[in-house]
Protein chains: 4
Amino acid sequence: MITHDRPVHFEDVDAAGIVFFARFFAYCHDAMERFFDDVEGGYVNLITVRKIGFPAVHASSDFKAPIAYGDVARIEGTVTKLGNTAAHFRFLMTRARDGALVATMNHVHVCTDIRTMTKLAFPSDVRASLEKHLV
Amino acid sequence: MITHDRPVHFEDVDAAGIVFFARFFAYCHDAMERFFDDVEGGYVNLITVRKIGFPAVHASSDFKAPIAYGDVARIEGTVTKLGNTAAHFRFLMTRARDGALVATMNHVHVCTDIRTMTKLAFPSDVRASLEKHLV
Amino acid sequence: MITHDRPVHFEDVDAAGIVFFARFFAYCHDAMERFFDDVEGGYVNLITVRKIGFPAVHASSDFKAPIAYGDVARIEGTVTKLGNTAAHFRFLMTRARDGALVATMNHVHVCTDIRTMTKLAFPSDVRASLEKHLV
Amino acid sequence: MITHDRPVHFEDVDAAGIVFFARFFAYCHDAMERFFDDVEGGYVNLITVRKIGFPAVHASSDFKAPIAYGDVARIEGTVTKLGNTAAHFRFLMTRARDGALVATMNHVHVCTDIRTMTKLAFPSDVRASLEKHLV
């Protein structure tokens, strides 16, 4: 399991005064990068040097409570399924100050050669890093 | 049904060179505002004057093809269910240049008093505007 | 001179309820792309096919009045100086509903090979397109 | 002087593959909030409880080197002038991995009642916090 704290930035809210719903997905993407920390150079190296990316093929979220500027989103993430080319991630987001459940999210990302945008079997080091968080 | 064309902006891509997945949800939110066009002053007036907002309680997307800078996302949206306080929206996103399916999305938004963040039954003018797009 | 209308998006505001100051620069970048409309395929083709970009080397803005969700930013842009590799742009942003001056901005962008990130003399078609807006 | 490290996020780049110039201003805004750390509750409390904000009236940047995904922007900020209602900030941004100068920025922000959007003399605790960083 990975844990990631993301303070709400001044510009993350919308005209209703709460964090814009689309940004929750970006928050989870930040957290997702932690799953790759055991790969040498991490997610950054995969993207920029090895040209291996993980585009989303599915993302869903149930929003339970709003968060606003001043809050910290606490994200816990696990890998729930690991196929040959696809990884299923589950995120639980709570509000750090009181533990209130903010959102639950399920994402499916596919290992991809980003030069050709074609699927790729997980390289063994990537698989090993993800397996550590498999539940 | 509403239709909304959204050109990909220069800054909408990510380090993999394609539109960042979280932005698809923002694109659909732009389209969603069109459902409220029959309300006087539109979505803007609801938010800024009447203080009625529509936070998402659920959002899901299946991503079928990437889009990049230079593409135009064409979004068709319908209302699939209309309860007392919740509206279900369905969006179909295609790539304008070739009609390729980019994503299908289902969002559920709840009518809310944004001063108190409590649920609100749809005002009759809002309901009437949404019903025009109900399928 | 180019003119570009940009409605404030729902997510463009900040926790103070007005358009976040950094976004004004993005609004002007959208407008800036219009200077290249006489180039075949426009700014998009320059970036994605010819790999010619125009990173900013200077950007400054004086902010005169805030804008909020519901406003439309009207941007008028001119080219104020055209060197061998650098172009100076000036933008005047007003609020469409009442003509109030919102901001004046001066940007300097340099013609660049984005594969090597080295300066490039303006290709003749790019220069011709920019010269049309030179004052 | 405040120091703030900001890793480039996956979605901060543009279609030219480098951090979008408008985002540098947002990076500096994150850093700017540190100037208010001696105020009880910090910048967050000023905005959300006391309804005191600091809209920019001027922002300028000279960009010296691009940064990309994988880089960390290191920002050093000082207060260069403190008037009755306006504060002048200077930021120096370097690339953490090699110390290369990325940008120098000068911002002027005005103390403002964000309910009425009118100027406000700095409250004494705000002035005291800013004075610590005055050079």
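Residues numbered from 1 in each chain as written. Chains lettered and ligands numbered in written order. Predicted model: local features only at pLDDT ≥ 70, side-chain atom pairs only at ≥ 80, totals over all residues. Heavy atoms only, no water.

Along the polypeptide, Asp30(C) turns up in helix α1 (residues 21-32). Setting aside residues up to four positions removed in sequence, Asp30(C) forms contacts with His9(B), Glu11(B), His4(C) and Arg6(C). (Helix = DSSP H or I, 4+ residues; strand = E, 2+ residues; numbered from the N terminus. Contact = heavy atoms within 4.5 Å.)

Another point: helix α3 (residues 124-131) of chain D. Residue and element names in this part refer to chain D. Within α3, burial applies to Val126, Ser129 and Leu130. Taken down its axis, α3 places every buried residue within 95 degrees of arc, on the same side. On its buried face, α3 sits against α2 (42-48), β4 (72-82) and β5 (86-95). (Buried < 20%, exposed > 50% of the residue type's maximum accessible area, 1.4 Å probe, protein only. Arc of directions from axis to C-beta.)

Contacts between the two partners involve 14 residues from chain C, matched on the other side by 14 residues from chain B. In this assembly, chain C packs against chain B so that about 1100 Å² is buried in total across both faces, 63% of it on carbon and sulfur atoms. At the junction of chain C and chain B, the tally comes to zero salt bridges. Linking chain C to chain B there are two residue pairs in polar contact (both at pLDDT 80 or more). Of all elements in the fold, only α1 and α2 (42-48) of chain C reach the threshold of two or more residues within the side of chain C that touches chain B. Counting residues per element, the side of chain C that touches chain B draws most heavily on α2(C), at four residues. Taken together, the residues of the side of chain C that touches chain B break down into six nonpolar, four polar and four charged. (Buried area = accessible area lost by both parts, 1.4 Å probe. Salt bridge = Lys/Arg side-chain N within 4 Å of Asp/Glu carboxyl O. Polar contact = N/O pair within 3.5 Å; in protein donor to acceptor, adjacent residues only side chain to side chain. Nonpolar A, V, L, I, M, F, W, Y, C, P; charged D, E, K, R; others polar.)

With that settled, the discussion passes to the relation of the copies chain A and chain B. Put simply, the second copy of the chain is the first one after a rotation about an axis and a shift along it. Overlaying chain A on chain B yields an RMSD of 0.0 Å, the required transformation being a rotation through 180 degrees with an accompanying axial translation of 0.0 Å. Such a combination of turn and shift is consistent with a two-fold rotation axis. Minimal C-alpha separation from the rotation axis in chain A is found for Ser60(A), amounting to 1.9 Å. Most of the interface of chain A is mirrored in chain B, where 100% of its interface residues are also at the interface. (Least-squares fit on C-alpha atoms with pLDDT ≥ 70 in both.)

Let us look at the interface of chain A and chain B. If you look at the interface, chain A gives 23 residues, while chain B gives 23 residues. A combined buried area of about 1900 Å² lies between chain A and chain B, and 75% of that area is made up of carbon and sulfur atoms. Here chain A and chain B share zero salt bridges between them. Joining chain A to chain B, the criterion identifies eight residue pairs in polar contact (both at pLDDT 80 or more). Residue assignment for the side of chain A that touches chain B shows that the elements contributing at least two residues are α1 (21-32) and β3 (56-63) of chain A. If you tally residues by element for the side of chain A that touches chain B, the top one is β3(A), at eight residues.

The transformation that overlays chain C on chain B combines an axial shift of 0.0 Å with a rotation of 180 degrees, and the residual RMSD is 0.0 Å. Both copies contact each other with a shared surface, as 100% of the interface residues of chain C are interface residues in chain B too.

In this section: the sheet that holds β5(D). In space, the 10 strands of this open sheet follow the order β1(C)-β4(C)-β5(C)-β6(C)-β3(C)-β3(D)-β6(D)-β5(D)-β4(D)-β1(D), with antiparallel pairing throughout. Looking at strand neighbours, the two that pair on one side only are β1 (2-7) of chain C together with β1 (2-7) of chain D, the edges of this open sheet. For this sheet the average axis-to-axis angle between neighbouring strands, irrespective of direction, equals 20 degrees. The pairing of strand β4 (residues 72-82) of chain C with strand β5 (residues 86-95) of chain C spans nine bridges and is classified as antiparallel. Directly across from Ile75(C), in β5(C), lies its bridge partner Met93(C). Taken strand by strand, α1(C) contacts β1, β3 (56-63), β4, β5 and β6 (101-110) of chain C together with β3 (56-63) and β6 (101-110) of chain D, and its axis lies near 65 degrees from that of β6(C). Across the sheet, helix α1 (residues 21-32) of chain D lies against β3 and β6 of chain C together with β1, β3, β4, β5 and β6 of chain D, angled at about 65 degrees from β6(D), the strand it touches most. (Pairing = 2+ DSSP bridges. Axes fitted to C-alpha atoms, helices over the stretch in contact; angles between N-to-C directions.)

All names here are of chain B. On the basis of which strands lie adjacent, the open sheet formed by three strands has the order β2-β7-β8 and antiparallel pairing. Pairing within the sheet leaves two strands with one partner each, and these edge strands are β2 (52-53) and β8 (118-119). When β2 meets strand β7 (residues 112-113), the two strands line up antiparallel, connected through two bridges. Bridge pairing links Ile52 to Asp113 in β7.

Evaluated as defined, the whole model comprises 44 salt bridges over all chains. With a shortest N-O distance of 3.4 Å, Asp30(B) and Arg6(B) are connected by a salt bridge. You can see Asp30(B) sitting in helix α1 (residues 21-32) and its partner Arg6(B) sitting in strand β1 (residues 2-7), a full 24 residues away along the chain. Both residues of the pair, Asp30(B) and Arg6(B), count as buried. Across the pair Arg23(B) and Asp12(B) runs a salt bridge whose closest N-O atoms are separated by 3.8 Å. Residue Arg23(B) is located in helix α1, and its partner Asp12(B) is located in the loop between β1 and α1; the two are separated by 11 residues in the primary sequence. Here the two residues Arg23(B) and Asp12(B) agree in accessibility, since each one is buried. A single network of salt bridges, built from pairs that share partners, joins Arg6(A), Asp12(A), Arg23(A) and Asp30(A).

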